[in-house]
Structure formats: structure tokens, C-alpha cells
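Residues per chain, in single letters:
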Amino acid sequence: WKDALSAAYTPDRMWVITSPNMTFVPMPPAGVLEVILRADYRYGLVDPIQWPQVYSPGYEYLCAIQHPLPATHRLSPLWWTPSEDTDFERIQGCAIKCLGLLRPETIRPLGELVEEMSALVAAAVAAHKDFVDDRLMWLETAMRHSHDRLQNFPCTFRDAAMQVREVQRYWLMSRAFIDYYTACKRSRERAVRGERRPTVNAGFMGAFTTDPSVVQALFEAGIPVWWLRQDASILEDIVVIEIREVERPLNICSRCGPDHGQLLYRGLVGTKHLEATARGGHTYLDISRAPLLVDDYSRGYPAAMSHRDYQHALESDESAERQRAATVPNTHDARPNKARKPHVRGIDKFADIVHPWMPAALDVWRDVMANMDQTLDRAARYFMTWLRLRPGWLYMLRIKDAGLSRISPQWWRDFLYGDTGRASQKEGSRNALRSRQFMHVFGQAFQREDLDLNPTAPPTWFGRRLPTFDRSLCPQILWEICEVGFRIELLALDRLLVPLRDRLVTEEHREDLIASVFPDRGIYGVNKLPEEACEGLSAQVPQRRAPYLESFRLVLRRWPRCPPSIHDGVPITTALPRESIIHRERELVQYYVETFYRESGRAPIVPRAFPRA
């Protein structure tokens with residue numbers, strides 16, 4: 001292992017690189033480097049799934065990353081790049097016209113590989129392999145979550161492309177973890193038996209190192225390795241088969257990605273830079289921004305703002321926007337013409353007012369007013385506007401510092417009621433105000449050109465196109481809103497009560513734990529409607545609720561001041577008597593409701609039975 005099949009000097013002549021098992025020498029990523037997201041949603045030369053990196057503790061297994069394979073190979077989806085023109089399908093009838101999903105047939109091959117890797121990791125865990133640890137479990141969990149988002153999360157194309165890269169990255173890292181420790185274990189077994197070392201596996205990415213013990217270990221395991229040394233005189237003491245030039249990377253994208261490629265890390269090569277490349281998230285914004293720029297969401301969501309404070313904030317944004325846009329003096333009042341909002345305080349304004357001073361009503365007018373159906377038009381407006389806004393709202397729920405709880409109820413009433421027919425596009429028009437209101441909430445993730453307040457296509461809801469208002473679906477739509485509210489509040493309360501020290505590892509575990517409470521394993525939305533009238537926590541038979549109640553218990557037992565009956569109680573299983581399951585369920589619900597009220601000062605949103613149409 002001290003001799004070299006190949007050797008080369010770095011371009012600055014500061015280092016000499018030798019390899020005992022490879023006939024070429026790649027350019028080493030050494031010294032101070034920068035991690036920047038590139039146009040292909042990878043990280044270029046410093047990316048371990050694209051180029052050999054320096055052998056680093058904690059990420060030692062990356063030397064066994066698989067090199068890209070031909071398009072005809074069954075693993076080729078791990079290097080597939082989606083196309084916005086042919087692979088991405090936008091949601092019709094949505095108020096945010098850039099949201100969509102990758103076509104199911106394009107991601108199906110990747111999904112099959114995800115299932116295969118999950119089964120491989122599960123088998124390793126079941127066999128109690130000595131190399132299995134939390135890192136492998138996190139990689140497999142992150143891979144599954146990324147694939148779930150790819151299937152169920154309507155997002156922008158760059159979000160979808162980023163999720164594809166995450167699935168590919170975590171699959172390759174999981175495979176590398178297993179391959180690395182398997183190769184090391186076999187190397188030790190061969191040494192005990194006195195067998196010859198294997199030939200090098202040129203399909204592995206390999207690694208650079210300055211540590212001779214690492215060189216020997218990787219050489220014995222058949223993994224490509226390159227030894228970095230500063231003393232060129234060593235060439236006099238070893239056998240070198242061939243002196244070569246270092247090879248620079250080919251077919252690796254170096255163009256900066258969207259937003260001009262924000263800097264994610266600058267520093268020495270090693271563990272920290274590899275951590276930066278392994279960061280995951282729900283959206284492109286989660287990954288493309290430096291961690292220091294992201295708010296600390298472990299403190300929970302901010303308190304709601306009053307309508308007056310919210311209006312002041314909105315008007316401040318509008319004022320700043322007008323000042324930026326003003327290039328010529330205006331002779332008219334640029335302030336928006338705010339329509340007066342009805343202030344109903346428990347009085348039906350269509351009913352006749354009975355008072356000694358009130359003049360008598362005309363019979364026909366009184367009868368028509370009394371029989372007026374006030375609910376249909378308003379309900380239709382609310383529901384249809386919500387269905388158009390729904391994909392964008394569910395998108396914003398995944399942005400942890402979006403501050404959605406600061407939006408006032410009055411904003412919702414005004415926005416959901418929709419346009420009143422005054423279609424003028426002047427600065428002070430209602431449409432202009434509505435556009436500014438929209439950007440005040442969604443501007444963190446979307447541009448103004450992404451907005452379509454009056455889409456011509458009908459909205460869709462779980463695959464159904466709704467050209468007109470369908471009253472029969474209202475109970476199911478309301479059920480989904482309640483269900484999402486319960487899931488988001490459970491996640492927010494858990495983040496508040498169980499702050500995490502190491503987000504890179506444990507936030508994925510938190511979401512995986514909470515997802516097990518629900519049959520569709522969705523947290524930020526309902527992935528699919530229940531197949532039966534009631535399932536999960538709303539199942540009518542207690543034994544069918546038991547598995548989900550046990551998952552709920554495993555979430556609550558981590559909270560402070562958890563009662564011993566929950567923390568130390570026996571698992572809730574289908575083998576328990578019906579009365580015992582109901583008793584345990586009541587304990588869980590009582591503790592959850594009391595804890596939520598104590599922390600928030602209001603009643604929680606609770607799960608409800610799914611209504612059948």
C-alpha cells in the first residue's frame with residue numbers, strides 16, 4: 001500500500017498525490033472551499049456524490065459512493081434530471097400558477113429504488129448488523145420523506161428538482177454506508193484467515209487522505225484511495241508505476257443555481273463542508289439559504305396579530321412598495337380605496353328591525369328580505385376561493401419561518417370572499433389591493449408574476465375538477481381543513497415542548513414519529529382521503545384505533561410533565577380489552593387538550609370523523 005500505481009503533483013506543486021490501487025489521480029478539493037448550490041441542484045466539485053472528497057470522520061462511508069452508471073442500467077434513475085417542459089405538470093385552477101407535481105410515470109422508477117433501499121436497511125436492522133447506527137436510520141428516513149414530498153407535495157419545479165436530488169443523494173449515501181462497512185468487515189475477516197486482498201472496486205468514488213492508516217485500511221478493503229503528502233522526497237523511497245497529471249472534473253456543472261447561488265458554507269474541507277451538502281428540507285428555500293439566515297422555529301409559532309396590527313403591517317408594506325415604484329409625481333390619491341366591510345355583530349341585517357322609532361317596512365320588501373338565502377353565495381365564494389388558494393397555503397405551511405399565524409381572521413374573510421366585480425387595475429383598485437394582500441402573505445416564496453387571482457380553469461381537489469360549487473363536498477373539504485389544522489398544531493406543539501439540539505438528524509425523526517399517528521403518514525397535508533368512512537384516530541372500533549393511539553402516546557410521552565400512566569404505561573395494542581383502549585385514549589386526549597390550552601391559551605383543533613358524500 002505504500003507503493004503507487006500512479007502519482008501526480010497538484011497544480012501549485014504543494015502536494016504530491018499517490019494511489020496504491022488507481023491508475024489516475026483526480027484533482028483534490030483541498031484547503032478553503034465554498035459550498036454553493038449549482039444550476040443542476042448539486043454542489044459541483046465539493047459534492048461527494050459527484051467527486052472524491054477528503055476522508056472525514058462521520059462521513060467516512062462516502063468513499064463508497066457509486067460512480068454514475070449508463071442510462072441502460074437499472075440504477076440510472078439515481079442520476080436522472082427532470083425536465084420542466086416534459087416532466088412537470090402544473091395544477092389547473094390554482095391561484096399560484098407555478099405550482100405542480102412531477103408526472104407519476106417519471107418518478108416511478110425512483111420510487112421502486114426507494115422501496116428497495118428501505119427493505120435493505122430494514123433487513124440490516126433486523127439482522128442486528130454491527131455497523132447499523134443512527135446515521136443510516138436518518139439517511140433512510142430522509143430518503144423516504146423526500147420521496148413522499150415528491151409524490152404528494154405540490155410545489156414549484158425547482159422544489160421538485162431539489163427533491164429529486166435529495167432522494168438520489170440519500171439513496172446513494174445509504175448504499176455507500178452499507179457497502180463501506182460491509183467491505184471493511186470482509187477485509188478484517190480476510191486478514192484473520194490470511195486471504196489475499198480483493199481487487200479494487202473502481203465503481204466506488206474513493207477518497208483523499210493524509211493519514212497512512214486510512215490509506216492502508218481502504219487499500220485492504222478494495223476502495224479507491226489517494227494519499228496526499230507534502231514531501232516530494234518520498235518518491236525516492238517507493239515504487240511508482242507512472243507519473244501522471246491530475247485530472248480535472250468533466251461533466252460537472254459549475255454554473256450557479258437560482259438566486260445566483262447563495263453561499264451555504266465557506267471554510268476548510270472536511271466534515272463541516274460535507275454536512276452542508278447533506279442538508280435537506282421541504283422546499284428549495286430550506287436548502288438554498290445559509291442555516292444562520294433561517295429563524296429558530298424550535299420556539300414554536302409566533303403569536304397571532306390583531307386585525308388592527310395586521311392592517312398596519314400591510315399598509316406599511318404597501319407604502320414602501322409605492323415609494324419604490326413611484327418614478328413620476330401622481331396627481332391622484334394613490335391610497336387604496338378600501339371597501340367598507342360588513343360588521344355583523346349577532347344581528348341579521350336582512351331581518352326587519354323592530355323598534356318604536358323604526359318606520360314600518362313595506363310588505364313585499366320585508367317578505368323578500370326575510371326569505372333571502374344569505375349563505376349560498378358567500379359559502380360558494382369561500383369554498384371556491386379556498387380551493388384555488390389551497391395548494392399555495394399548504395406550500396407555505398412547510399416554510400418554517402413563514403409566520404402564517406400572524407394573519408388575522410378578517411384578512412381571511414376578505415380574501416376568501418373574493419373580487420366584487422370592480423376589475424380596474426389602477427393602483428388604488430380593489431384588485432391591486434388584493435394582489436398586495438396576497439404578496440404580503442405569500443411573497444416570501446412566490447413572485448408577483450406567479451399570481452393568478454382569476455384563473456380560467458376550474459380548481460381541483462384530490463383529482464376532482466370542480467367547475468361549479470358542489471355543496472355535497474363541503475363536509476369533506478371542511479374535514480380536510482380540520483385534519484390539517486390538528487396535524488400542524490401537533491407538530492408545532494411538539495417543536496415547542498421538545499426542542500432539538502441536532503436538527504440535521506432529529507427533525508426527520510420527529511416528523512417520522514408524528515407521521516405514524518396518521519394512516520396516510522402526512523403531516524403538512526392529507527396525502528389521500530380515507531378509503532373507509534373512519535380510520536386512524538377516528539376509527540369506530542377501538543382495536544382499529546389502537547396502533548395510532550400508541551403512536552400518539554409515543555409522541556406525548558416525550559413532553560414535559562407527562563403523566564406516568566402515559567410515559568410508563570404499557571403499549572396500546574389490539575390485544576387490550578375495548579374498555580382499556582377507550583380509557584387509555586381518554587387519558588391521551590385529556591393530556592393533549594390541557595397541554596395545548598396551557599401553552600396557547602385557546603382550544604386546539606381536534607380530529608373529526610370523515611364524512612361520506
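Let me begin by describing the structure that accompanies this report. (Residues numbered from 1 in each chain as written. Predicted model: local features only at pLDDT ≥ 70, side-chain atom pairs only at ≥ 80, totals over all residues. Heavy atoms only, no water.)

## A closer look at the pattern of salt bridges
Pairing between side chains of opposite charge can happen when the charged atoms of each approach one another.
Next, step 1: Taken as a whole, this structure holds 32 salt bridges when the rule is applied.
Next, step 2: With a shortest N-O distance of 3.0 Å, Arg74 and Glu116 are connected by a salt bridge. Within this pair, whereas Arg74 is found in the loop between β4 (53-54) and α1 (84-87), its partner Glu116 is found in helix α2 (residues 104-126), the two being separated by 42 residues in sequence.
Next, step 3: We classify Glu116 as partly exposed; its relative accessible area is 34%.
Next, step 4: Between Glu511 and Arg495 there is a salt bridge, and its shortest N-O distance comes to 3.7 Å. Pair noted here: Glu511 is in helix α14 (residues 503-515) and Arg495 is in helix α13 (residues 474-497), with a separation of 16 residues, a long-range link.
Next, step 5: Under the relative-accessibility criterion, Glu511 is labelled buried at 5%.
Next, step 6: Relative accessible area serves as the criterion here: at 2%, Arg495 is assigned to the buried category.
Next, step 7: Here the salt bridges share partners, and the residues they tie into one network are Asp494, Arg495, Glu507, Arg510, Glu511 and Arg558. (Salt bridge = Lys/Arg side-chain N within 4 Å of Asp/Glu carboxyl O. Helix = DSSP H or I, 4+ residues; strand = E, 2+ residues; numbered from the N terminus. Buried < 20%, exposed > 50% of the residue type's maximum accessible area, 1.4 Å probe, protein only.)

## Some points on a positive patch on the surface
Next, step 1: Side chains of Lys129, Lys185, Arg186 and Arg188 sit close together on the surface and give a patch of like positive charge.
Next, step 2: Positionally, Arg188 belongs in helix α4 (residues 157-193). (Patch = residues over 30% accessible without salt bridge, like charges linked within 9 Å, V, L, I, M, F, W, Y side chains within 5 Å. Areas by Shrake-Rupley, 256 points an atom, 1.4 Å probe, with all protein chains shown as cover. Lys, Arg positive; Asp, Glu negative; His and termini not counted. Charge placed at Lys NZ, Arg CZ, Asp CG, Glu CD.)

## Quick word on the packing of α4 against helix α5 (residues 212-221)
Next, step 1: α5 packs onto α4 with a crossing angle of 90° between their chain directions and a minimal axis gap of 8 Å. When the interaxial angle is binned, α4 and α5 end up roughly perpendicular. On the side of α4, the interface is formed by Tyr180, Ala183, Cys184, Ser187 and Arg190, while α5 contributes Leu218, Glu220 and Ala221.
Next, step 2: Here the contact of α4 with α5 is built from residues that sort into five nonpolar, one polar and two charged. (Axes fitted to C-alpha atoms, helices over the stretch in contact; angles between N-to-C directions. Parallel < 35°, antiparallel > 145°, perpendicular 65-115°, else oblique. Contact = heavy atoms within 4.5 Å. Nonpolar A, V, L, I, M, F, W, Y, C, P; charged D, E, K, R; others polar.)

## Describing helix α3 (residues 134-152)
One turn of an α-helix holds 3.6 residues; hence residues three or four places apart share an orientation.
Next, step 1: A rise of 1.5 Å per residue sets the reference length of α3, with its 19 residues, at 27 Å; its end C-alpha atoms lie 27 Å apart and thus fit the reference within 8%.
Next, step 2: Capping of α3 at its N-terminal end is provided by Asp133; its side-chain oxygen lies 2.9 Å from the backbone amide nitrogen of Arg135. (Expected span 1.5 Å × (residues − 1). Polar contact = N/O pair within 3.5 Å; in protein donor to acceptor, adjacent residues only side chain to side chain.)

## With respect to a nonpolar patch on the surface
Next, step 1: A grouping of Leu362, Val364, Trp365 and Val368 is seen on the molecular surface, where their side chains present a nonpolar patch of about 500 Å² in accessible area.
Next, step 2: We classify Leu362 as exposed; its relative accessible area is 57%.

## What about the packing of α2 against α4?
Next, step 1: In the contact formed by α2 and α4, the axes pass within 11 Å of each other and the chain directions differ by 30°. Pair α2 / α4 crosses with left-handed handedness. Mapping the contact onto sequence places Leu110, Leu113, Val114, Glu116, Met117, Leu120 and Val121 in α2 and Val164, Val167, Gln168, Trp171, Ser174, Arg175 and Ile178 in α4.
Next, step 2: Along the lines of polarity and charge, the residues of the contact of α2 with α4 split into ten nonpolar, two polar and two charged. (Left-handed = near helix turned anticlockwise from the far one by under 90°.)

## A closer look at the nonpolar core
Next, step 1: The biggest cluster of nonpolar side chains holds 134 residues, and the ones touching the most others in it are Phe442 and Trp559.
Next, step 2: Looking at which element gives the most residues to this core, the answer is α4, with 16 residues.
Next, step 3: Phe442 has contacts with Ile96, Leu389, Gly392, Trp393, Met396 and Trp411, leaving out every residue within four places of it along the chain.
Next, step 4: Met22, Val25, Trp226 and Ile252 belong to the second largest nonpolar core, which has eleven residues in total. (Core = buried A, V, L, I, M, F, W, Y, C linked by side-chain atoms within 4.5 Å.)

## Thoughts on the sheet that holds strand β7 (residues 207-209)
Backbone hydrogen bonds hold the strands of a sheet together, and the pairing may be parallel or antiparallel.
Next, step 1: The strand order β1-β2-β8-β7-β4 describes an open sheet built from five strands, whose pairing is mixed. With one partner strand each, in any of the chains shown, β1 (6-9) and β4 form the two edges of the open sheet.
Next, step 2: Where β7 meets strand β8 (residues 225-229), three bridges bridge the pair, whose relative direction is parallel. Bridge pairing links Ala207 to Val225 in β8.
Next, step 3: Its contacts with the sheet put α5 on β7 and β8, and the angle it makes with β8 is roughly 165°. (Pairing = 2+ DSSP bridges.)

## Overview of the environment of Arg175
Next, step 1: Within the fold, Arg175 resides in helix α4.
Next, step 2: For the pair Arg175 and Ile65, spaced 110 residues apart in sequence, the C-alpha to C-alpha distance is 7.4 Å.
Next, step 3: Not counting residues up to four positions away in its chain, the partners in contact with Arg175 are Met117 and Leu120.

## Things to note about the pairing of β8
Next, step 1: Of all the five residues making up β8, five are buried; the element is thus mostly covered by neighbouring parts of the structure.
Next, step 2: Residues Val225, Trp227 and Arg229 of β8 are buried on one face, and the alternating residues Trp226 and Leu228, pointing to the opposite face, are buried as well.
Next, step 3: Considered for its hand, the β-α-β crossover made up of β7, α5 and β8 is right-handed. (Right-handed = clockwise from strand over helix to strand, strands pointing away.)

## Remarks on unusual backbone geometry
Next, step 1: One non-glycine residue, Arg13, lies in positive phi territory at about 65°.
Next, step 2: A relative accessible area of 56% means that Arg13 is categorised as exposed.
Next, step 3: In this model, Tyr41 sits at a positive phi of 65°, which is unusual for a non-glycine residue.
Next, step 4: Within the secondary structure, Tyr41 sits in the loop between β3 (32-36) and β4.

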